[in-house]
Amino acid sequence: MTATETERERPVADRSADAPLLDVRDLHVSLPSPGGGFVEVVRGVSFRVAPGGFHALVGESGCGKSVTAMALTRLPPADAAARVSGRVLFRGRDLLAASPRELRAARRKGGVAYVFQEAMSALNPVLRLRTQMREALPRGLSRAAADDRLAALLGEVGLPDPRAALRAHPCELSGGMAQRACIAMALAQEPALLLADEPTTALDVLVQRKVLDLLRDLCRARGTAVLLVTHNLALVSEYAETVSVLYAGQVVEDGPVPDVLAAPAHPYAEALLRAVPRIEGTRPEDLATIPGRVPPPRDWVALPCAFAPRCPRAAASCSAAPAPWSGLSPRHGVRCVRAGALAPAPAEQAGAEQEVE
Ligand SMILES: Nc1ncnc2c1ncn2[C@@H]1O[C@H](COP(=O)(O)OP(=O)(O)OP(=O)(O)O)[C@@H](O)[C@H]1O
Ligand code: SF4
Ligand SMILES: [Mg+2]
């Protein structure tokens with residue numbers, strides 16, 4: 001395959017970035033199956049994150065978002081026990097070819113920092129915040145200098161009494177405060193990329209927005225790029241610049257957020273968008289849902305299109321062969337046999353059996 005064909009084949013939300021910070025190419029991850037052997041749960045995922053950019057990976061539960069995110073620096077379950085292939089170019093260096101030591105370095109200063117969904121599980125319950133946050137700071141700082149730096153960070157994320165928070169154990173913080181502390185801890189390592197995997201799902205809606213506003217503002221001020229993993233397209237529309245829509249371990253559509261949301265080309269992306277609640281005038285009966293469930297990963301490979309069993313637009317041509325990647329514009333692409341030939345779906349075909357999780 002020539003370089004041009006390879007480029008055309010792969011979904012890349014931000015082709016305009018000459019030197020992306022993160023350039024994920026054809027990432028495959030297979031995990032050990034309880035019944036023996038391996039099952040592929042990430043199937044040729046490609047996307048880019050520009051320096052200082054805000055990219056989102058969106059999709060339903062079980063689509064492979066977290067495994068993709070963890071595979072970038074080979075964290076469990078995408079660690080040595082998994083089979084991982086492709087390229088993860090971070091500042092031009094392939095992290096999949098890096099040694100364990102180089103990977104650890106990539107997770108430290110100037111590298112990739114993670115913020116996870118459950119702040120309380122991410123924090124060690126028996127250690128004071130100060131002890132665990134100091135791990136994120138460069139070595140060699142005096143205790144006083146480290147405390148000053150950490151207190152300043154905790155102040156920036158909105159903890160009312162940062163010095164007292166440093167002495168606190170995680171159980172003394174509310175969920176929102178603990179998540180803010182996790183953001184502070186991630187920022188303490190001055191990452192170039194902050195990877196936030198469902199960072200606000202465990203929080204109530206008002207706190208969610210505050211925490212995401214904070215995360216966006218702090219990253220913007222520092223020039224830190226964000227990779228947000230979420231099932232919530234409403235958050236994507238508010239915070240992200242570019243988006244990759246994942247289904248059954250593949251990117252099925254990607255592009256700049258305004259383009260994808262204004263004219264989603266993949267029936268799954270379209271269905272996700274119709275499932276977003278809108279406050280004004282929304283009646284329960286207006287809320288579209290996607291019928292059925294994501295099939296289990298062991299069934300994905302047998303389906304030319306894994307969305308076909310749930311797709312209101314499926315036709316005979318869909319089962320002939322896997323859909324190639326088609327570019328709708330230089331920065332907007334889709335993986336669907338019928339892309340381009342589709343008129344908007346009739347409202348009644350949205351189904352009502354299974355809410356998007
Ligand atoms: N440790 C593991 N061992 C085996 N299979 C796993 C493991 N972790 C995830 N999987 C499987 O890999 C697939 C993708 O999981 P992943 O956690 O990436 O989904 P997700 O899109 O992040 O979902 P959610 O929105 O629920 O977090 C799922 O079918 C899941 O069951
Ligand atoms: S390829 Fe066919 S079944 Fe799959 S999403 Fe497109 S229209 Fe639906
Ligand atoms: Mg997940």
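Placed above this text is the structure.
Overview of the structure.

What counts and how
- Residues numbered from 1 in each chain as written.
- Chains lettered and ligands numbered in written order.
- Predicted model: local features only at pLDDT ≥ 70, side-chain atom pairs only at ≥ 80, totals over all residues.
- Helix = DSSP H or I, 4+ residues; strand = E, 2+ residues; numbered from the N terminus.
- Buried ≥ 20, exposed ≤ 12 C-beta atoms within 10 Å, placed from the backbone.
- Contact = placed C-beta atoms within 7 Å.
- Pairing = 2+ DSSP bridges.
- Near = placed C-beta within 6 Å.
- Nonpolar A, V, L, I, M, F, W, Y, C, P; charged D, E, K, R; others polar.
- Axes fitted to C-alpha atoms, helices over the stretch in contact; angles between N-to-C directions.
- Parallel < 35°, antiparallel > 145°, perpendicular 65-115°, else oblique.
- Left-handed = near helix turned anticlockwise from the far one by under 90°.
- Core = buried A, V, L, I, M, F, W, Y, C linked by C-beta atoms within 7 Å.

### Some thoughts on the overall build of the protein chain
Part 1 of the argument: Helix and strand counts for the protein chain stand at 13 helices and 12 strands.
Part 2 of the argument: Burial statistics for the protein chain: of 357 residues in total, 43% are counted as buried.
Part 3 of the argument: Taking contacts inside the protein chain between residues at least 6 apart in sequence as the whole, the part at least 24 apart equals 66%.

### What about the pairing of strand E4 (residues 83–90)?
The two faces of a sheet get side chains in turn, since along a regular strand they alternate between them.
Part 1 of the argument: Across 7 bridges, the pairing between strand E1 (residues 22–32) and E4 is antiparallel. Its bridge partner being in E4, leucine 22 is matched across the sheet by phenylalanine 90.
Part 2 of the argument: Remark: 2 residues form the turn of the hairpin made by E4 and strand E5 (residues 93–94), two consecutive strands paired antiparallel; arginine 91 in that turn has positive phi of roughly 50°.

### Here's the deal with the site of ligand 1
Part 1 of the argument: What surrounds ligand 1 is a group of 13 residues, the closest being Ser61, Lys65, Ser66, Val67 and Pro77.
Part 2 of the argument: Residue contributions to the shell around ligand 1 peak at 3 residues, all from helix H2 (residues 65–71).
Part 3 of the argument: Partitioning the shell around ligand 1 into residue classes produces 6 nonpolar, 6 polar and 1 charged.

### As for the sheet that holds strand E12 (residues 332–335)
Part 1 of the argument: Within the open sheet, the 8 strands sit side by side as E6-E7-E8-E3-E9-E10-E12-E11. Their pairing is mixed. The open sheet has two edge strands with one neighbour each: strand E6 (112–115) and strand E11 (325–329). Each neighbouring strand pair of the sheet contributes to a mean axis angle of 20°, computed without reference to strand direction.
Part 2 of the argument: Bridging between strand E9 (residues 242–247) and strand E10 (residues 250–256) involves 6 bridges; their strand directions are antiparallel. Looking at E10, one finds that valine 245 is bridged to glutamate 253.

### So, the site of ligand 2
Part 1 of the argument: In the vicinity of ligand 2 lie 13 residues, with Cys305, Cys311, Ala314, Cys318 and Cys336 positioned nearest.
Part 2 of the argument: Across the shell around ligand 2, the residue classes break down as 10 nonpolar, 1 polar and 2 charged.

### Quick word on the environment of proline 258
Part 1 of the argument: Tracing the chain through its elements places proline 258 in helix H11 (residues 257–262).
Part 2 of the argument: In this structure, the C-alpha to C-alpha distance between proline 258 and serine 237, residues 21 residues apart in sequence, is 7.7 Å.

### Remarks on the packing of helix H6 (residues 143–156) against helix H8 (residues 175–188)
Part 1 of the argument: The interhelical angle for the contact between H6 and H8, taken along N-to-C directions, is 130°, at an axis separation of 9 Å. By the angle class used here, H6 and H8 are oblique. For H6 against H8, the interelement crossing comes out right-handed. Only Ala181, Ala184, Leu187 and Ala188 of H8 make contact with H6, whose side of the interface consists of Leu150, Leu153 and Leu154.
Part 2 of the argument: Class assignment of the residues belonging to the contact of H6 with H8 gives a composition of 7 nonpolar, no polar and no charged.

### Some remarks on the nonpolar core
Part 1 of the argument: Within the largest apolar cluster, 102 residues are counted, with the highest numbers of intra-cluster contacts made by Leu154, Ala181, Leu193 and Val245.
Part 2 of the argument: For this core, the element with the highest residue contribution is H8, accounting for 10 residues.
Part 3 of the argument: Residue contacts for valine 245: discarding those within four places in its chain leaves Val58, Gly59, Val251, Val252, Glu253, Asp254, His266, Tyr268, Ala269 and Leu272.

### With respect to the sheet that holds E1
Part 1 of the argument: Taken together, 4 strands build an open sheet; the order of strands is E2-E1-E4-E5 and the sheet is antiparallel. Of all strands in the sheet, those bounded by a partner on one side alone are strand E2 (38–49) and E5.

### Comments concerning the packing of H8 against helix H9 (residues 205–222)
A packed helix pair is summarised by two numbers, namely the angle formed by the two axes and the spacing between the axes.
Part 1 of the argument: At a minimum axis separation of 10 Å, H8 and H9 run at an interaxial angle of 15°. With respect to H9, the element H8 is oriented roughly parallel. For H8 against H9, the interelement crossing comes out right-handed. Residue-level inspection shows Gly176, Gln179, Arg180, Ile183 and Leu187 of H8 in contact with H9, the latter providing Val207, Val211, Leu214, Leu215 and Leu218.
Part 2 of the argument: A breakdown of the residues in the contact of H8 with H9 according to their chemical character gives 7 nonpolar, 2 polar and 1 charged.

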